[in-house]
Amino acid sequence: MDKYIKYDAQPGVVLYIENKGHGKECCYDLDINDGVTELYLMVFDFCLSNNKKQFKNISKIVILDTCGDLHLPNQMFPNVKEVISCNNHYTVKQNKLLLNNFSRSLINVFGWNTSDAIDMRGIEVIEDGAFCGCQSRVLENCDTDYIKCKEHAFDGSYFSEQPFNNGVKMAGCIVIALDKTADNVVIPEETRCMAHGLDFSQIKKMTLKTSTFCCDYDGNLPETLIIDGCNDIDSGEIKDITGYGVKHIEVINNKNFVTLDDIVYNKTKTTVVACLAEKTGMVELPEGVTKIEREAFNYCKINSVKFPSTLRLISDNAFADCENLRTIDFGCGLTHVGSSVSWYTFASSGLEKISFPRQVKSIGRGAFYESQLKEITLNEGLEIIEEDSFMMCLGLESISIPKTVSTIGRCALSYVKNVYAEHFTEDMLTAIILPPAVRSSQSFTVLTIDAREDVGICKTFYVPKHLKHKHINTVKCAIFDFLAGKNDITNRFYMYSSSMDEKQDTALAIYKDCKDEQAKEYVKKYAVSMLERYIETERYDDFIDFINLDILSSARLKSILQITEDAPVLAACVLDKLKTKDNSKKFVI
């Protein structure tokens, strides 16, 4: 008690106060003489939750307007018959129910030693310990509004001492405990809320008879889940349930949904609603399915899927984040893989190789965004590739665009290293470049237009990833002009980049490919900064390749030796090149 200040609050009542700083003074203990029957709470915060003292003679508690936060255990005052609040922060119901006005939370049920009903109207939260010691058997009006119940709200109450019924203990319409040994835990139809923190993961099997559960559980669910009835449950709630550790699901006696092989469908089995996140292996959807709903397979562990010939629509994020997904059989009926309004259907999936069947007409926005794709075969007959379709597919080295494609959205191919096409379209350029704020380890796209069949020309263009906005149209027109046999400035595209690094890397690629003299002079001019960058970014092979181009003079090579002091292998490469130049007595100025 040495750290506490002793405070005489009223005759026969001593409070023990600790100054917490910033104007906060808390009462952590108190002594009350046996002759005191009324207690007045004032001035301080009362932090007595863990205090085990008991004052059986207190029959009345008065909360004065100066009182701070209250944390009082019911068992400290077991015989209270009346509580009065003169404080705007607190309200009293039925003489002994103490509520926090601001959170609408029930803090204490004092001295409730009878079976009289407790009126729960207006209560939004039941705090831990609120019902401790309470012997009421009835909670009235708890089914009218949503109530948030803390995990230990009913500990030590009549309700907590009752036996389990079908694996649950109830306080009115609130599930307060689960029997982890039960073969099947049944959440009854009258349930309106669940105590926070209940652990469902240890239960073998659970049957839901109410959809209220869907918005009121924490953590993982049992391995086996049966939805019985629950006609008001919606597809969003079903999707939420399927993502929390459930390995087997069955829907029965429901007018809207059915299940087949742990996949939830609408009643007529024309729409896939949700698949268990824990489902593995191959999924073959039955004939008759026309639609896969939004996020239906989101985060599933399946490795392959086969679509029926009847499928017509795959909605947003339907297979997003399926990291184990490796193969898709699109079937012979699907013509649109996502759309301009159905986004990111296979985003962040594990797909590495796909081949589109001949009937596919369009690939939707962000359809394969950030997937693991390494190889793609696009079908003749494909017409539209929407915005961001293959954005962030970092492993995708190359892609060939069929001649039938007329529209390619912005950034659809911006992370593909090599793009091949038989003709150049108005929107192809913005499909392969990036917006200013988006970074990439690639400096340019290698765009090959093989138009020999149409105009007898095949040309490879090196297009920087970040073009200055004012030059986007310049580059586009330059490609069209070249293909039309007009002036050729396409080997100057490096000058239109907004990035110095990209200018240098693109110019070097152009020189390597076609030995363009202006590109060569540009590279020689910035050779030192380029080689320094290669060292800083550990691009040692690029450093060696640059030196072996043999475009630098001996004097320049000697100056470069200074930046290789900490890289003996690179220094040896430069020295070898110097030695070769000296032996042949050839000098490059």
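Residues numbered from 1 in each chain as written. Predicted model: local features only at pLDDT ≥ 70, side-chain atom pairs only at ≥ 80, totals over all residues. Heavy atoms only, no water.

Asks: Tell me what's going on with the overall build of the protein, and back it up with residues and numbers.
Replies: Assigned secondary structure in the protein consists of 9 helices and 40 strands. For 589 residues, the compact-globule estimate of 2.2 N^0.38 gives 25 Å, and the C-alpha radius of gyration of the protein, at 36 Å, exceeds that figure by more than 25%. Referenced to the eigenvectors of the C-alpha coordinate spread, the extents of the protein come out at roughly 115 × 65 × 40 Å. Counting every position in the protein, which comprises 589 residues, the buried fraction comes to 51%. (Helix = DSSP H or I, 4+ residues; strand = E, 2+ residues; numbered from the N terminus. Rg over C-alpha atoms; globule rule 2.2 N^0.38 Å. Buried < 20%, exposed > 50% of the residue type's maximum accessible area, 1.4 Å probe, protein only.)

Asks: Give a description of the state of the cysteines that names residues and reports values.
Replies: Using the criterion set out here, one finds 0 disulfides in the structure. There is no disulfide at cysteine 47, and the cysteine sulfur nearest it, in cysteine 26, is 3.9 Å away. (Disulfide = S-S within 2.5 Å.)

Asks: Can you explain the packing of helix H4 (residues 500-514) against helix H6 (residues 527-536)? Please cite residues and give values.
Replies: It is at 11 Å that the axes of H4 and H6 come closest, and there the two elements cross at 100 degrees. Taken as axis vectors, H4 and H6 run roughly perpendicular relative to one another. Residues Asp501, Gln504, Asp505 and Leu508 of H4 touch H6, and the partners they reach there are Ser529, Met530, Arg533 and Tyr534. Residues that form the contact of H4 with H6 fall into these classes: 3 nonpolar, 2 polar and 3 charged. (Axes fitted to C-alpha atoms, helices over the stretch in contact; angles between N-to-C directions. Parallel < 35°, antiparallel > 145°, perpendicular 65-115°, else oblique. Contact = heavy atoms within 4.5 Å. Nonpolar A, V, L, I, M, F, W, Y, C, P; charged D, E, K, R; others polar.)

Asks: Give a description of the pattern of salt bridges that names residues and reports values.
Replies: For the coordinates displayed, the defined rule picks out 27 salt bridges. Of the charged contacts, one joins lysine 24 and aspartate 69 as a salt bridge, the two residues approaching to 3.9 Å between their closest N and O atoms. In this pair, lysine 24 sits in strand E3 (residues 24-32) while aspartate 69 sits in the loop between strand E6 (60-63) and strand E7 (70-71), placing the two residues 45 residues apart along the sequence. Of the charged contacts in the structure, one is a salt bridge between lysine 53 and aspartate 29, with a shortest N-O distance of 3.1 Å. One end of the pair, lysine 53, is in the loop between strand E5 (45-47) and E6; the other, aspartate 29, is in strand E3, and 24 residues separate them in sequence. Take lysine 53: its relative accessible area is 28%, and that puts it in the partly exposed class. Assessed through its relative accessible area of 8%, aspartate 29 is described here as buried. Ionic contacts of the salt-bridge type, sharing partners, join the residues Asp501, Asp505, Arg533, Arg539 and Asp542 into one network. (Salt bridge = Lys/Arg side-chain N within 4 Å of Asp/Glu carboxyl O.)

Asks: Outline a negative patch on the surface, supporting the account with residue identities and numerical values.
Replies: A contiguous patch of negative charge on the surface is contributed by Glu189, Glu190, Asp232, Asp234 and Asp240. Along the chain, aspartate 234 falls in the loop between strand E21 (224-228) and helix H1 (235-242). (Patch = residues over 30% accessible without salt bridge, like charges linked within 9 Å, V, L, I, M, F, W, Y side chains within 5 Å. Areas by Shrake-Rupley, 256 points an atom, 1.4 Å probe, with all protein chains shown as cover. Lys, Arg positive; Asp, Glu negative; His and termini not counted. Charge placed at Lys NZ, Arg CZ, Asp CG, Glu CD.)

Asks: Could you give me a rundown of the pairing of strand E10 (residues 97-100), with the residues and numbers involved?
Replies: Residues of E10 alternate between two faces, with Leu97 and Leu99 on one and Leu98 and Asn100 on the opposite face, all of them buried. The sheet contact formed by strand E9 (residues 90-93) and E10 spans 4 bridges and is antiparallel. The residue bridging threonine 91 from the neighbouring strand is leucine 99, located in E10. The loop that links E9 with its antiparallel partner E10 comprises 3 residues; one of these, glutamine 94, has a positive phi angle of about 50 degrees. Where E10 lies against strand E11 (residues 105-109), 4 bridges are found, and the strand directions are antiparallel. Bridge assignment links leucine 99 to a residue of E11, and that residue is leucine 106. (Pairing = 2+ DSSP bridges.)

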